[in-house]
Amino acid sequence: MSIFKARVQEFENTLAKDEIDLKALRQLCSNGVPDVNSLRPLCWKLLLGYLGPKKESWSSTLAKKRSLYRHFIEDLVLPPGLKENGDKDILCDHPLNEGPDSAWNTFFNDNEFLLQIDKDVRRLCPDISFFQQPTEYPCDIVVNSKGERRLHQRVVPSVLKSANVERKGLGVTKINLINKRSEETYKAMDEGQEAHWEVVQRILFLYAKLNPGQGYVQGMNEIVGPIYYVMASDPDPEYREHAEADCFYCFTALMAEIRDFFIKTLDDSEGGIKNMMKRLSEMLKERDLEVYERLKAQELYPQYYSFRWISLILSQEFPLPDVVRIWDSVLADEKRFDFLLYICCAMILIQRDQILQNDFACNVKLLQNYPPLDINIVLTKAASLR
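Residues numbered from 1 in each chain as written. Predicted model: local features only at pLDDT ≥ 70, side-chain atom pairs only at ≥ 80, totals over all residues. Heavy atoms only, no water.

## A short note on the overall build of the chain
Reasoning step 1: Along its length, the chain carries 18 helices and zero strands.
Reasoning step 2: Buried residues in the chain amount to 51% of all 386 residues.
Reasoning step 3: Restricting to contacts in the chain with at least 6 residues of sequence separation, those with at least 24 account for 75%.
Reasoning step 4: As displayed, the chain has an accessible area near 18,300 Å², and 50% of this comes from carbon and sulfur atoms. (Helix = DSSP H or I, 4+ residues; strand = E, 2+ residues; numbered from the N terminus. Buried < 20%, exposed > 50% of the residue type's maximum accessible area, 1.4 Å probe, protein only. Contact = heavy atoms within 4.5 Å. Areas by Shrake-Rupley, 256 points an atom, 1.4 Å probe, with all protein chains shown as cover.)

Written out as structure tokens, the structure reads:
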């Protein structure tokens, strides 16, 4: 039996048990999940806590969660006064009513953050065509209409330019460049169809509506992208059909762990982005003092490059298939984002010779536009550092 087949067999044996040994599963996933059957979608659901370890609970959990998600669409996506069958309710509210209890007032206020979501999802993962393609299972509530239920038609996008992930107050300016750019923004599908990016737009919109204390923050689209890609690529058509709902709950679970990255008032908390960058700097100092001193002498601080690395879990630094492989290891790690820091440290140390030779400008370009590299080299280096 080949090594690959033996690894697949290990996964299948672990997942075949009535109660999954999560510790054993984490150990397997840390070395990457094989791209066969439905292994990765199922493993991610378990690693993110969407499904519990007892297999007997899976059917009821999925049925309940998917039904609830459908209610979210009906209650929060449809315009006020529009029933699921397309009929109009008798409105006791008026579109010009600006009162705090006005459904229409809420509807129009939602369009402010919806515009940003629309811009962001129309350029999601431009290195592959997946998000521009139609889904096999468009949401019937939305597409079987004359357009009033389609979120992208509620806002009129202007010329979309690639934006960087930054926040005022961090000392980060326009120095953060993005190396993924799309020449054209994605087009919406005709009536009766939906592109994958339109589905992602709905997921992000519902997340923002259901989490008003946080709302939508630019960069969340890069977090939901890999999860949706994995769920919507499941070889099992039954699971693909419910990729949107399953992705929503997995995304929500992951955001519960990294929410501090996206809330400025929590920057200095233990899980905040400033503390994470500080830990990375200390890790680099401990592993390679010479590289640390070189970057320090050039005043090339972690916030100039690692803010995006950490907050977006490296989703903008590598092609999507590599990001998925990275996330296998990150999600499998019990301390989760400790291993992410080891990966970031490994990325710096792999470029050691270049960093020691380069001037400030070249090092900024090197770290902000990380060169193509076999991802297994990075992960092997990260594992050795740990």
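## Describing the packing of aromatic side chains
What describes a pair of aromatic rings is the distance from one ring centre to the other and the angle between the planes of the rings.
Reasoning step 1: Tallied over the full model, the rule gives 17 aromatic pairs.
Reasoning step 2: Here Phe-130 and Tyr-228 contribute two aromatic rings whose centre-to-centre distance is 6.2 Å and whose plane-to-plane angle is 50°, an arrangement assigned as tilted. Remark: Tyr-228 occurs in helix H8 (residues 220-232) and Phe-130 occurs in the loop between helix H5 (103-121) and helix H6 (140-143); sequence separation between them is 98 residues.
Reasoning step 3: In this structure Phe-130 comes out as buried when scored by relative accessible area, which is 12%.
Reasoning step 4: In this structure Tyr-228 comes out as buried when scored by relative accessible area, which is 2%.
Reasoning step 5: Each ring, one from Phe-261 and one from Phe-337, has its centre 6.0 Å from the other, and the planes form 70°; the classification is edge-to-face. Of the two residues, Phe-261 sits in the loop between helix H10 (243-258) and helix H11 (273-287) while Phe-337 sits in helix H15 (residues 337-350), which places them 76 residues apart along the sequence. Judged on exposure class, the residue Phe-261 and its partner Phe-337 are both buried. (Phe/Tyr/Trp six-rings, centres within 6.5 Å; stacked < 30°, edge-to-face > 60°.)

## Let's talk about a negative patch on the surface
Reasoning step 1: On the surface, Asp-18, Glu-19, Asp-21 and Glu-56 cluster together into a patch of negative charge.
Reasoning step 2: Of note, Glu-56 is situated in the loop between helix H3 (39-47) and helix H4 (58-76). (Patch = residues over 30% accessible without salt bridge, like charges linked within 9 Å, V, L, I, M, F, W, Y side chains within 5 Å. Salt bridge = Lys/Arg side-chain N within 4 Å of Asp/Glu carboxyl O. Lys, Arg positive; Asp, Glu negative; His and termini not counted. Charge placed at Lys NZ, Arg CZ, Asp CG, Glu CD.)

## Here's the deal with the layout of surface pockets
Reasoning step 1: Of the volumes computed, that of the largest pocket is approximately 420 Å³.
Reasoning step 2: Taken together, the elements giving at least two residues each to the lining of the largest pocket come down to H4, H6, helix H7 (196-210), H8, helix H9 (237-241) and H10.
Reasoning step 3: A class-by-class count of the residues in the lining of the largest pocket yields 13 nonpolar, three polar and nine charged.
Reasoning step 4: Each pocket or cavity is described by its volume, and for the second largest pocket that value is around 360 Å³.
Reasoning step 5: Counting residues per element, the ones that place at least two in the lining of the second largest pocket are H3, H8, helix H14 (320-332) and helix H18 (375-385).
Reasoning step 6: Each of domain 1 (35-82 + 98-154 + 194-258) and domain 2 (264-385) accounts for three or more of the residues forming the lining of the second largest pocket. (1 Å grid on protein atoms, 1.4 Å probe; cavity = no way out; pocket = protein on both sides within 12 Å on 5 of 7 lines; lining within 4 Å. Points joined across faces, edges and corners; volume = space filled by probe spheres on them. Nonpolar A, V, L, I, M, F, W, Y, C, P; charged D, E, K, R; others polar. Domains from an automatic or database assignment.)

## A closer look at empty space enclosed by the protein
Reasoning step 1: Here the structure, examined in full by the defined rule, presents one cavity of 30 Å³ or more.
Reasoning step 2: For the largest cavity, the calculated volume is near 50 Å³.
Reasoning step 3: Taken together, Val-142, Arg-150, Leu-151, His-152, Glu-194, Glu-198, Gln-201 and Arg-202 form the lining of the largest cavity.
Reasoning step 4: Per element, the largest residue contribution to the lining of the largest cavity is three residues, and it comes from H7.

## Things to note about helix H2 (residues 22-29)
Reasoning step 1: Taken residue by residue, H2 has Leu-25, Arg-26, Leu-28 and Cys-29 as its buried positions. End-on view of H2: buried residues confined to an arc of 165°, all on one side of the axis. Among the exposed residues of H2, those oriented more than 90 degrees off its buried face are Lys-23 and Gln-27.
Reasoning step 2: Close packing links the buried residues of H2 with helix H1 (3-15), H3 and H14.
Reasoning step 3: For H2, the side-chain oxygen to backbone nitrogen distance between the N-cap and Lys-23 is 3.1 Å, and the N-cap itself is Asp-21. (Arc of directions from axis to C-beta. Polar contact = N/O pair within 3.5 Å; in protein donor to acceptor, adjacent residues only side chain to side chain.)

## Quick word on H4
Reasoning step 1: The first and last C-alpha atoms of H4 sit 26 Å apart over 19 residues, in line with the 27 Å expected at 1.5 Å per residue.
Reasoning step 2: For H4, the complete set of buried residues consists of Trp-58, Leu-62, Arg-66, Tyr-69, Phe-72 and Ile-73. Seen from one end, H4 has its buried residues packed into an arc of 105°, which puts them on one side. Those residues of H4 that are exposed and aimed more than 90 degrees away from the buried face are Lys-64 and Asp-75.
Reasoning step 3: Along its buried surface, H4 packs onto H3, H6, H7, H9 and H10. (Expected span 1.5 Å × (residues − 1).)

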